[in-house]
Amino acid sequence: MTSNRGKYSEYKEMLRDVGIELELLLMSYPEEQLDTIEEVAERSTLYLRGTLKTDFFIDDSGLFIKTLNGFPGVYSSYVFRTLGNVGILDLMKGKTERSAEFRTCIAYFDDKLNLFTGRTQGLIATDPRGTNGFGFDPVFIPDERKETYAEMTTEEKNSISHRSKATQAFLKYIKKKTI
Ligand code: IMP
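Rules used in this analysis
Residues numbered from 1 in each chain as written. Predicted model: local features only at pLDDT ≥ 70, side-chain atom pairs only at ≥ 80, totals over all residues. Heavy atoms only, no water. Buried < 20%, exposed > 50% of the residue type's maximum accessible area, 1.4 Å probe, protein only. Helix = DSSP H or I, 4+ residues; strand = E, 2+ residues; numbered from the N terminus. Pairing = 2+ DSSP bridges. Axes fitted to C-alpha atoms, helices over the stretch in contact; angles between N-to-C directions. Contact = heavy atoms within 4.5 Å.

### A short note on the pairing of strand 1 (residues 56-65)
- Burial runs high along strand 1: 10 of the 10 residues are buried.
- Side chains F56, I58, D60, G62 and F64 project from strand 1 onto one buried face, and the interleaved F57, D59, S61, L63 and I65 project onto a second face that is buried too.
- With 10 bridges joining them, strand 1 and strand 2 (residues 99-109) adopt antiparallel strand pairing. Opposite G62, over in strand 2, you have R103 as the bridge partner.

Have a look at this one:
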């Protein structure tokens, strides 16, 4: 379902009590540069569908910073690899408008493609803080919180995160399907 271990441990915790067995698949697939995470997730799923013989889902996520017109957005993975958190903070130097949004799109393929999106609003920190989590967690402070995602336990992050909101919508679909 994902080859990102940070995402995997979050899903493992969120899906622990609902009887869904998770398997981490270390597969690479072309991530096309499209305009939305939903389109990226959809395209990746359709690519993997030919190879995987079981139901599966993939997670495509991104950090969208308002004052940078949504950047890095669909380029989040590339920007994290090349600029990292320090690069993001450099781009934000001197900016007082620091609002941002994290988005996750889960694309689940059973007999058809299903998309579930979750969003969490917050602010870009002025310095990286915390050592938990992964990716941009040290620079993202969700609304109504003082800590960054990286200063939270997995459980705390899961109680408010973009990924957990997408997961709730996904689980609602699964439950409806199995009734
Ligand atoms: P992708 O969904 O793997 O393409 O993720 C894009 C980039 O955003 C990667 O560099 C991830 O590390 C980062 N990312 C995705 N989800 C999160 C998150 O929940 N917290 C922090 N960074 C994330």
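### Considering the sheet that holds strand 4 (residues 140-142)
- Within the open sheet, the 4 strands sit side by side as 1-2-3-4. Their pairing is antiparallel. Two strands bound the open sheet, and with one partner strand each, they are strand 1 and strand 4. When the angles between neighbouring strand axes are averaged without regard to direction, this sheet yields 40 degrees.
- The pairing of strand 2 with strand 3 (residues 113-124) spans 11 bridges and is antiparallel. By the bridge assignment, F109 is partnered in strand 3 with L113.
- Sheet strands touched by helix 1 (residues 5-15): strand 1 and strand 2. Its angle to strand 1, the strand with the most contacts, is close to 115 degrees.
- Contacting strand 1, strand 2 and strand 3, helix 2 (residues 37-49) crosses the sheet at an angle of about 155 degrees to strand 1.

All we've got here are geometric facts, nothing functional implied.
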